[in-house]
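Chain by chain, the residues:
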Protein chains: 2
Amino acid sequence: MGFEQAWLSYQRREVCGIAENITGIYAPLQNPVIKSGAEELQTAFAKIVGTRPVLYSDSECGHNRGSIRLMMKEGLPTEGYHIFEEKGMITVEASDANGILYGAFELIRCLQLGKNLEGINLTKEPVMPLRMLNHWDNMDGSIERGYSGNSFFFENDEILVNERIVTYARLLASAGINATVINNVNVKDSATRLITDQYFESLNRLSEIFARYGIRLFLSLNYAAPMELLELDSADPLDDRVRAWWKAKMKVVFEAVPNLGGFLIKADSEGRPGPFTYNRTHADGANMLAEAVKPYGGLIIWRCFVYNCRQDWRDRKTDRARSGYDNFIGLDGTFLDNVILQIKNGPMDFQVREPVHPLFGGLTKTNQMLEVQIAQEYTGQQRHVCYLIPMFKEILNFHTYVKGTDDTVQDIVSGRTFHQTKCGIAAVANTGNDENWTGHDLAAANLYGFGRLAYEPDLTAEEIAEEWITLTYGKDEEIRKELLFILMNSWPAYEKYTAPLGIGWMVNPNCHYGPSVDGYEYDRWGTYHRADHLGIGVDRSHNGTGYAMLYREPNARAYDTPETCPEELLLFFHHVPYSFVLKSGRTILQHIYDTHFEGVELVDEMVSRYERLKGKLPERIYERTMERFLHQKEHSREWRDQINTYFYRKTGIADEKGRRIY
Amino acid sequence: MGFEQAWLSYQRREVCGIAENITGIYAPLQNPVIKSGAEELQTAFAKIVGTRPVLYSDSECGHNRGSIRLMMKEGLPTEGYHIFEEKGMITVEASDANGILYGAFELIRCLQLGKNLEGINLTKEPVMPLRMLNHWDNMDGSIERGYSGNSFFFENDEILVNERIVTYARLLASAGINATVINNVNVKDSATRLITDQYFESLNRLSEIFARYGIRLFLSLNYAAPMELLELDSADPLDDRVRAWWKAKMKVVFEAVPNLGGFLIKADSEGRPGPFTYNRTHADGANMLAEAVKPYGGLIIWRCFVYNCRQDWRDRKTDRARSGYDNFIGLDGTFLDNVILQIKNGPMDFQVREPVHPLFGGLTKTNQMLEVQIAQEYTGQQRHVCYLIPMFKEILNFHTYVKGTDDTVQDIVSGRTFHQTKCGIAAVANTGNDENWTGHDLAAANLYGFGRLAYEPDLTAEEIAEEWITLTYGKDEEIRKELLFILMNSWPAYEKYTAPLGIGWMVNPNCHYGPSVDGYEYDRWGTYHRADHLGIGVDRSHNGTGYAMLYREPNARAYDTPETCPEELLLFFHHVPYSFVLKSGRTILQHIYDTHFEGVELVDEMVSRYERLKGKLPERIYERTMERFLHQKEHSREWRDQINTYFYRKTGIADEKGRRIY
């Protein structure tokens, strides 16, 4: 067993009497989504309980002890469900098929977690309307920032449709994810032709499999497609020929692939073409596409990751952190209703610690989605364990002060703040064709956790971790305890032994893996730490780039002064001397030394806890995970020593505790 | 005209009366090498003088005014020639065909340079027996460290045999080069199969073209071939099966490709397999192959670039600079006579400044070849101009003190010191399929200059540069003056604005292009500068790694003390404080600041001198070279600013002259 089914690897477990007595499942099987739910229940009961309930189509349903009833019922919230037990019969009600499917998976989860179904009575509804994955898969089979092998969607410029796709869809549905973009936002070569008839048949088959699991297929779009497909000599969004081309193109595409949800677009970013080429705004660009897809209910998801990637490191006035805000804030209210702006969690790029993106709370009249990254590009690349749900929760719970109440990021992207329905959360995916889906076995907690968090953000990070542990490895107290410790300490540990106090980067260029303190310091990417002999940090206060002032009060004021700035972000907002004293009483420099030693100690603790599970986990799983832990152990030392040595050599000030620095 | 013929782009020139009167060339045309020489003369006269002399085979020869006679004559030194004029007839004599060919090219050179042939009487002989190029071309057509386009030897795993190969051979012969290795020393994939019948026919055709120009074809060999060709399970040099395999293999190879000169081998280096795998010595490995090729007069050229490329940067005891010496010195005298050790000019890897490799002067009983690199891997990658002949001359003129007289590197590799004939000089080539062969037009001076230097090392770098300028661009005083200034100042300029005082590296990892002061500081490659707040440099004295003591006296003593160490190598041998005062009266730090500003000023001067040639050079040539100069201008500033900023930030000490540092 290599966990090819991840957390859906149903194993025999101890279950309650009610579960043991289930012999039939009644459901309107003519609905393919409900049928998926019913069949999943059948499989799960067979494997977990040991008896395989019989499926009956809806018409045969009555009130039977020992049966599960899946039934549509008006009035329940979209994609929500109600599960209750009465006299040995379990009912899953929902007002739509997705709700039934999610209810079925909830019931399976209860079974896996060993919950007593007697008297169960729970109602759930998803908080985020869109719960989406973004795959950065290329059609040659490679994955940009992929750390789990190659693509399972593409190979040699062809779309793959096979059994793995079904398992993928089941995994997503079980976690509550309802949309996915299968191709890289950097759309090049063959991927530009995904919207031509060459690929329609495969796309349609793929979209039908997804649809059976309540998942809408999206594609990343090449903004310059009319030119790159050699059909027009322009991509100007205000050119009537271009607008007509897109309308005609979308008609063909949606007729051929009716399940398509819409498109994700990265324009004018890192070398990608966009409306700026024609002196048009991003609203011009997005609205042109939105008009074209509107007749088919399509969405245009427009990324806000727009910045000058040819900055001069000598220039201290330009601030990449400002660019997303500066490029989009003036367009607030000018986007059509089927456009959603997709905004990264922070203003830079998925660092281990960033402030929340100031467009959240800045925009008030535009549909917004939060983009996070479970592909651990800057957080250990799925070779280090780094459970990201605690980070995501901090982001979601951030108060933007855009309204008196309902002012958090979660409020905004769930639609509460501005009464929107086209909004939600997207994660850059961490999957590939590795047997265990995510390279590091423990990285699957981020995939599962992302979906669960999107559906039910009030779950704590611990609750989600515990769920995932038990679903994946079974109900064992020691496994639960040790893995929970590891997961919950993994992000703090990673933050400690890598770039300190919100400064970010300090990684090897291009691959973004491993320490290189000056790796991005003299580069064109706008990512600097400005460390010299006396101090470190970027002045983004009103005296510096003014970035801090992009936030609403009282955030702006707090960020603007070193003394009130949250310490974990101190070097993001301020250039301070190494002698600056933190609340702990330690100087910045001593804080750097201490946290780097502490981070490595935490990793050692994590590894020794994992060692206790030897014999409890299947050997192959244990060994392959241990291999990664041993790498992390060594590599965290590399981080510690390089960072500490860098600052020791630059300051000439020794560690107060006299530990070894090189 | 894109200079597809480089310095053989024969143009009409003013010539002396003797040349104008030449109407016939008499030569033993049955010899293919002599025929090449005669035909080259015919072509050159036709294009330069404007009249095409008639070719007559030897038997028709008499004493005729207005003729050139190419004739064999016993007693002249190998590959040497004697040219003299008598009563309007010019004679080229040599004791072998290569000598005749080189004499013919010398005569053409005289013509191109506008020399008066009346009374000409010159005798030349090559100083280095082997004058070789090493191409790092891969069979997929890429070139490792290639900066002039793709390979013209290989494409899609096939060997190309075409007109460009003939021009290539003519270029080499005209510069006196007599051997070439066409494939990368890192032998992988298809290149391993170059010694199988799949490639024999093409290799044979290639070798025959080369042979017509006096050039012997060599191949790089995969030491693990018996295993990678799936014929044996070992490559142990003391295993009789392995020895028998190589003997049989070489019989087949040399019978199929009789012109083959032998093989170049990189073993146990940077991941390449070798005898160390079997706890055998490099002598075991090399001798096994030497025995196998001996019956066919084959040579085994064995590279000494062996070091631990998995070093821990924290470890200050291990010294990569020592490794070549330490690995080979104990084997001196144990290699068979047809083995040549090929030793890089310095102990590290083709940096802008290194001490001479201590194996020169260390080894006394082993055939040795000097390896230099005209591919400008660390010296501007043929985007910056960097004329390397002055560097090579310094290396060749270095006194090793291995003998009372004849103790220089040139003495050793020419065979003088130890009375050897299997020795010489090899250059990692800078050619590709770019129209002008070398990417940067001025980089061709290194290709031409390398050959000329190998044949006639007593030429000065200026003389060689002037020759090349006039051959290539014609006889024009301003062109000569400005290009000579540019070439002669290019290496000093590059040294000034890049890594200072022999410390090396400070480049971006992998690509080796552009500044990154800490790029190799925390890496596994053994390449460190150890800069901290107070000082910089690597202690290789007797107090440090002891590397300085590998030299013979008085070199060892001179290198061992900062005060006596040549300043250009100071940081290679010593860790000194920034306040250390140089002979100029400047501190190390001020020297760094000053030289970096000076280097950029020199580049500006070079560029403004090149601008004066606008209108004098063909426009296309001028423009494409100017494009590279403009890049160099900008990129030298990047070097200056990053290096100066790095040290300013680290030391906190400002430039005395108050110039802008960031």
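Everything discussed here concerns the structure shown above.
Here we summarise the structure given alongside this text. Since the model is a prediction, treat every value here as computed from it, not as a measurement.

Parameters and conventions
- Residues numbered from 1 in each chain as written.
- Chains lettered and ligands numbered in written order.
- Predicted model: local features only at pLDDT ≥ 70, side-chain atom pairs only at ≥ 80, totals over all residues.
- Heavy atoms only, no water.
- Helix = DSSP H or I, 4+ residues; strand = E, 2+ residues; numbered from the N terminus.
- Rg over C-alpha atoms; globule rule 2.2 N^0.38 Å.
- Buried < 20%, exposed > 50% of the residue type's maximum accessible area, 1.4 Å probe, protein only.
- Contact = heavy atoms within 4.5 Å.
- Areas by Shrake-Rupley, 256 points an atom, 1.4 Å probe, with all protein chains shown as cover.
- Lys, Arg positive; Asp, Glu negative; His and termini not counted.
- Charge placed at Lys NZ, Arg CZ, Asp CG, Glu CD.
- Axes fitted to C-alpha atoms, helices over the stretch in contact; angles between N-to-C directions.
- Parallel < 35°, antiparallel > 145°, perpendicular 65-115°, else oblique.
- Nonpolar A, V, L, I, M, F, W, Y, C, P; charged D, E, K, R; others polar.
- Left-handed = near helix turned anticlockwise from the far one by under 90°.
- Least-squares fit on C-alpha atoms with pLDDT ≥ 70 in both.
- Buried area = accessible area lost by both parts, 1.4 Å probe.
- Salt bridge = Lys/Arg side-chain N within 4 Å of Asp/Glu carboxyl O.
- Polar contact = N/O pair within 3.5 Å; in protein donor to acceptor, adjacent residues only side chain to side chain.
- Expected span 1.5 Å × (residues − 1).
- Pairing = 2+ DSSP bridges.
- Disulfide = S-S within 2.5 Å.
- Core = buried A, V, L, I, M, F, W, Y, C linked by side-chain atoms within 4.5 Å.
- Patch = residues over 30% accessible without salt bridge, like charges linked within 9 Å, V, L, I, M, F, W, Y side chains within 5 Å.
- Right-handed = clockwise from strand over helix to strand, strands pointing away.
- Bend = angle between axes of the 7 residues up to and from the residue.
- Phe/Tyr/Trp six-rings, centres within 6.5 Å; stacked < 30°, edge-to-face > 60°.
- Lys NZ or Arg CZ within 6 Å of the ring centre and 35° of its normal.

What chain A contains, in helices and strands, is 18 helices and 18 strands. Relative to the globule expectation of 26 Å for 662 residues, the C-alpha radius of gyration of chain A, 25 Å, shows essentially globular dimensions. Taken along the three principal axes of its C-alpha coordinates, chain A extends 80 × 65 × 50 Å. Going through the 662 residues of chain A one by one, you find that 66% of them count as buried. Long-range pairs, those at least 24 residues apart, make up 71% of the contacts in chain A between residues at least 6 apart in sequence. When the accessible surface of chain A is split by element, carbon and sulfur atoms take 47% of a total near 22700 Å². Measuring between centres, the 72 positive side-chain charges of chain A sit 1 Å from its 90 negative side-chain charges.

All names here are of chain A. Helix α18 (residues 619–651) packs onto helix α14 (residues 477–497) with a crossing angle of 30° between their chain directions and a minimal axis gap of 10 Å. As far as their axial angle goes, α18 and α14 are roughly parallel. In this structure, α14 contributes Ile486, Tyr494 and Tyr497 to the contact, and α18 contributes Phe629, Gln632, Ser636, Trp639 and Arg640. Class assignment for the residues of the contact of α14 with α18 results in five nonpolar, two polar and one charged.

Turning to the packing of helix α14 (residues 477–497) of chain B against helix α17 (residues 588–611) of chain B, a few remarks are in order. Residues and elements named next belong to chain B. The geometry of α14 relative to α17 is characterised by a closest axis approach of 9 Å and an angle of 160° between their N-to-C directions. In terms of axis orientation, α14 runs roughly antiparallel to α17. Between α14 and α17 the crossing geometry is left-handed. Contact residues: α14 offers Glu482, Leu483, Phe485, Ile486, Asn489, Ser490, Ala493, Lys496 and Tyr497, while α17 offers Thr595, His596, Glu598, Gly599, Val600, Leu602, Val603, Glu605, Met606, Arg609 and Tyr610. Grouping the constituent residues of the contact of α14 with α17 by class yields ten nonpolar, five polar and five charged.

With that settled, consider the relation of the copies chain A and chain B. You can overlay chain A on chain B at an RMSD of 0.1 Å; the transform is a turn of 179° with a shift of 0.0 Å along its axis. A rotation of that kind, with that shift, is consistent with a two-fold axis. When C-alpha positions in chain A are compared against the rotation axis, the closest is assigned to Lys650(A), at 2.5 Å. Comparing interface residues between copies, 100% of those in chain A also lie at the interface in chain B; the contact surface is shared.

Next up on the list: the interface of chain A and chain B. If you look at the interface, chain A gives 21 residues, while chain B gives 21 residues. For the pair chain A and chain B, the summed buried area comes to about 2000 Å², and 50% of that belongs to carbon and sulfur atoms. Contact with chain B buries surface across chain A, with Arg314(A), Tyr522(A) and Arg649(A) losing the most and accounting together for 39% of the total. For the pair chain A and chain B, the interface holds six salt bridges. With a closest N to O distance of 3.1 Å, Arg314(B) and Glu638(A) form a salt bridge. On inspection of chain A and its partner chain B, the count reaches 13 residue pairs in polar contact (both at pLDDT 80 or more).

Now for helix α12 (residues 444–455) of chain B. All names here are of chain B. Taking 1.5 Å per residue, twelve residues should reach 16 Å; α12 reaches 17 Å between its end C-alpha atoms and fits that length. In terms of residue burial, α12 counts as a mostly covered element, since twelve of its twelve residues are buried. Of all the positions in α12, only Ala444, Ala445, Asn446, Leu447, Tyr448, Gly449, Phe450, Gly451, Arg452, Leu453, Ala454 and Tyr455 are classed as buried.

All names here are of chain B. Ordered by their spatial adjacency, six strands build an open sheet running β2-β1-β3-β5-β4-β6, and the pairing between neighbours is mixed. Single-partner strands in this sheet number two, and they are β2 (54–57) and β6 (121–124). When the angles between neighbouring strand axes are averaged without regard to direction, this sheet yields 15°. In terms of strand pairing, strand β4 (residues 81–86) meets strand β5 (residues 89–94) through five bridges, oriented antiparallel. In the sheet register, His82 faces β5, and the bridge partner there is Glu93. On the sheet, helix α2 (residues 32–48) packs against β1 (24–27), β2 and β3 (67–72) and is oriented at approximately 165° with respect to β3. Sheet strands in contact with helix α3 (residues 97–112) are β3, β4, β5 and β6, and its direction is about 145° off that of β5.

Evaluation of the coordinates by the stated rule reveals zero disulfides over all chains. Take Cys309(A): it sits in no disulfide, and the sulfur closest to it among the cysteines is that of Cys304(A), at 17 Å. No disulfide involves Cys423(B); its nearest neighbouring cysteine sulfur is the one of Cys304(B), lying 14 Å away. Cys423(B) gets classed as buried once you look at its relative accessible area, which sits at 0%.

Moving on to the nonpolar core. By size, the foremost hydrophobic cluster in this structure holds 232 residues, and its most contacted members are Trp7(A), Trp246(A), Phe263(A) and Trp302(A). If you look at the next biggest cluster of nonpolar residues, it comprises 231 residues, including Phe580(B), Leu613(B), Ile621(B) and Ile643(B).

Residues and elements named next belong to chain A. Judged by side-chain charge, Asp140, Asp157, Glu158, Asp189 and Glu228 come together as a negatively charged surface patch. Mapped onto the fold, Glu158 is located in strand β9 (residues 158–159). In this structure Glu158 comes out as partly exposed when scored by relative accessible area, which is 44%.

A few words on the pairing of strand β12 (residues 262–265) of chain B. All names here are of chain B. Bridging between strand β11 (residues 216–220) and β12 involves three bridges; their strand directions are parallel. Counterpart to Phe218 in the pairing with β12 is Gly262. Where β12 lies against strand β13 (residues 299–303), four bridges are found, and the strand directions are parallel. The partner of Ile265 across the bridge, within β13, is Trp302. With helix α8 (residues 282–293) bridging β12 and its parallel neighbour β13, the resulting β-α-β unit is right-handed.

All names here are of chain B. Over its 16 residues, helix α5 (residues 197–212) runs 23 Å from end to end, which matches the ideal 22 Å to within 8%, given 1.5 Å per residue. The sharpest bend along α5 reaches about 25° and sits at Leu203. Of all the residues in α5, the buried ones are Tyr199, Phe200, Ser202, Leu203, Asn204, Leu206, Ser207, Ile209 and Phe210. On its buried face, α5 is in contact with β9 (158–159), α4 (163–175), β10 (179–181), β11 and α7 (240–256). At the exit of α5 stands Gly214, carrying a positive phi of roughly 70°.

Turning our attention to the packing of aromatic side chains. Applying the stated criterion across every chain, the model contains 68 aromatic pairs over all chains. On the basis of an interplanar angle of 85° and a centroid distance of 4.9 Å, the ring pair of Trp313(A) and Tyr522(A) is categorised as edge-to-face. One end of the pair, Trp313(A), is in the loop between β13 (299–303) and α9 (320–328); the other, Tyr522(A), is in the loop between α14 and β17 (535–536), and 209 residues separate them in sequence. Exposure class is identical for Trp313(A) and Tyr522(A). Each is buried. Look at Tyr102(B) and Tyr455(B): their rings are 5.4 Å apart centre to centre, the planes differ by 75°, and that puts the pair in the edge-to-face class. One end of the pair, Tyr102(B), is in helix α3; the other, Tyr455(B), is in helix α12, with 353 residues separating them in the sequence. Of the aromatic side chains, those joined through ring pairs into one cluster are Phe152(A), Phe153(A), Phe154(A), Tyr168(A), Phe210(A) and Trp437(A). Sitting above the plane of the Tyr662(B) ring, Arg314(A) keeps its charged end 5.6 Å from the centroid. The ring centre of Tyr307(B) lies 3.8 Å from the NZ or CZ of Arg320(B), which sits over that ring.

Residue and element names in this part refer to chain B. Taken together, the eight strands give a closed barrel; going around it, the order is β7-β10-β11-β12-β13-β14-β15-β16, and neighbouring strands pair in parallel fashion. Along the sheet, successive strands turn relative to each other by an average axial angle of 25°, direction set aside. Strand direction decides the pairing type here: β10 and β11, joined by three bridges, are parallel. Of the residues in β11, the one forming a bridge with Thr180 is Leu217.

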